[in-house]
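Here is what each chain is made of, one letter per residue.
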Amino acid sequence: MRENRLVITGMGAVTPIGIGVSAYWDALTAGRCGIGRITRFDASALPVQIAAELKDFDPAEHMPKTLARTMDPFMQFAFVAAQEALADSGLDIEPEAERIGITMGTAMSGVTTIAHTQEEYDGGRRVGPRFVPMAIGNIAAAQIAIARGIRGPSLTLNTACSAGGDAILTAATLLLTGEADAMLAVGGESILCPIVVSGLLQAKALSRRNDDPETACRPFDAGRDGFVIGEGGGALVIETEAHALARGAHIYAELAGWANTSDAHHVTAPCPDGAGAARCMKLALQKAGMQPSDIGYINAHGTSTPLGDKAETLAVKSVFGGRESAPPVSSTKSATGHLMGAGGLTETIACIKAIETGILPPTLHLVAPDPDCDLDYVPNTARRADIRAAMSNSLGFGGQNSSIIVSRYQK
């Protein structure tokens, strides 16, 4: 047993293509897509009318109705993913509740609650006492802590689309500094409301492919025209190796490396040459004590934006020695849409499952490759591959970069 090793012992996922890790993974590898026309509100007057919604999610099936009414959808999704991950881990919380903590990642917290409340505002008479707790980001972790009696450290990360990855690396930091023995890293997001759709539309970030929603998110394809909003939640239980072995936990993978960097370039556009993302990947490899050749698969940020996909391709090539030596890369956002703060968790789960099953999930809807995006993107169909380590990239507005490396666990 080496010192300072961290392991993953529980996983949870709530996504537009499946609720629960098994359903999510089966849909990913089968090539199913969760993108369709928006049903959450009337989007007929908007130029963008598509999203990856959680259409089959009934919170009453997962929690008491009284609890569901106190939570914004992003909290509900995070809560359900956390419950699955904790159950999966078999962690007995009560005897060591003060040594177990939570890190939560979300990009826009309770923005749908804020937007709806503003629409209904009538001189303050229609603002209820639950408004503020449903709007602020940290209450998602607080609801999980209250429900499960978790009394260790609790931190909420609001680092745009890298928030889920940053929740993982913050959990790792707390474990290595001795603040906790086990951490629940969670992400949750639900931003589907007219004001957010309109804002992202004005920023020229969203796909307008309303006539063909299912193929609208086409990362690395020459016809890509923007990302598709998704929603969901993801969770991982991360422990020190010593703690996991002492309780006889099943270990899915080792959390081997992580890093966070900033582009310091632009509030929405990535650094064109991908320098910030490249530096993040290099730092994660250094943390893991790995060479680029050790990575067998990369789950790309791959949002389907013209600038972002090109910059990430350049970053991968600069780190991994060019097109010929780079590992297979895919973007699972082609199936789920962009889960923002939840994506760093669900996409790390995809990496863990790829290592566990020997299957690489595909990049869907890649039919006309962009000459500027010339890596092996596992187009359209899942692929068999025996890999020992994988990397997940999350790259957000403001130049926020997060890279997470997981590897096959060996004592």
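Everything below is about the structure printed above this text.
Residues numbered from 1 in each chain as written. Predicted model: local features only at pLDDT ≥ 70, side-chain atom pairs only at ≥ 80, totals over all residues. Heavy atoms only, no water.

Looking at this model, I keep getting lost on the nonpolar core. Mind explaining?
L236, I238, L255 and V406 are the most contacted members of the largest nonpolar core, which totals 71 residues. The element best represented in this core is helix 13 (residues 343-357), accounting for seven residues. When residues no more than four places from it in sequence are discounted, the contact partners of V406 are I8, A253, E254, L255, A256, T348, C351, I352, I355, R388, A389 and A390. (Core = buried A, V, L, I, M, F, W, Y, C linked by side-chain atoms within 4.5 Å. Buried < 20%, exposed > 50% of the residue type's maximum accessible area, 1.4 Å probe, protein only. Helix = DSSP H or I, 4+ residues; strand = E, 2+ residues; numbered from the N terminus. Contact = heavy atoms within 4.5 Å.)

How should I be thinking about the packing of helix 3 (residues 73-89) against helix 6 (residues 139-148) in this particular structure?
Describing two packed helices takes the angle between their axes plus the distance from one axis to the other. Where helix 3 meets helix 6, the axes come as close as 9 Å, and the angle between the chain directions of the two elements is 40 degrees. Between helix 3 and helix 6, the angle falls in the class oblique. Considering only the axes of helix 3 and helix 6, their crossing is right-handed. Mapping the contact onto sequence places F74, M75, A78, F79, A82, Q83 and L86 in helix 3 and I139, A140, Q143, I144, A147 and R148 in helix 6. (Axes fitted to C-alpha atoms, helices over the stretch in contact; angles between N-to-C directions. Parallel < 35°, antiparallel > 145°, perpendicular 65-115°, else oblique. Left-handed = near helix turned anticlockwise from the far one by under 90°.)

Help me understand the pairing of strand 5 (residues 100-105) in this model?
The two faces of a sheet get side chains in turn, since along a regular strand they alternate between them. Burial within strand 5 is extensive, with six of its six residues counted as buried. Burial along strand 5 is two-sided: I100, I102 and M104 and G101, T103 and G105, pointing in opposite directions, are all buried. Direction of pairing for strand 5 relative to strand 7 (residues 182-189): parallel, over a ladder of six bridges. By the bridge assignment, G101 is partnered in strand 7 with M183. As defined by bridge partners, strand 5 adjoins strand 6 (residues 154-157) across four bridges and the pair is classed as parallel. The residue bridging I102 from the neighbouring strand is S154, located in strand 6. (Pairing = 2+ DSSP bridges.)

Got a minute to help me understand the pairing of strand 14 (residues 389-396) in this structure?
The buried count for strand 14 comes to eight of eight residues, which makes it a mostly enclosed element. Two strands pair when backbone bridges link them, and strand 10 (residues 297-299) and strand 14 are joined in this way by three bridges, in the parallel orientation. Residue pairing across strands places I298 opposite M391, the latter belonging to strand 14. Here strand 14 runs beside strand 15 (residues 400-407); their pairing, made up of eight bridges, is antiparallel. Across the sheet, the residue bridging to S394 is S402, located in strand 15.

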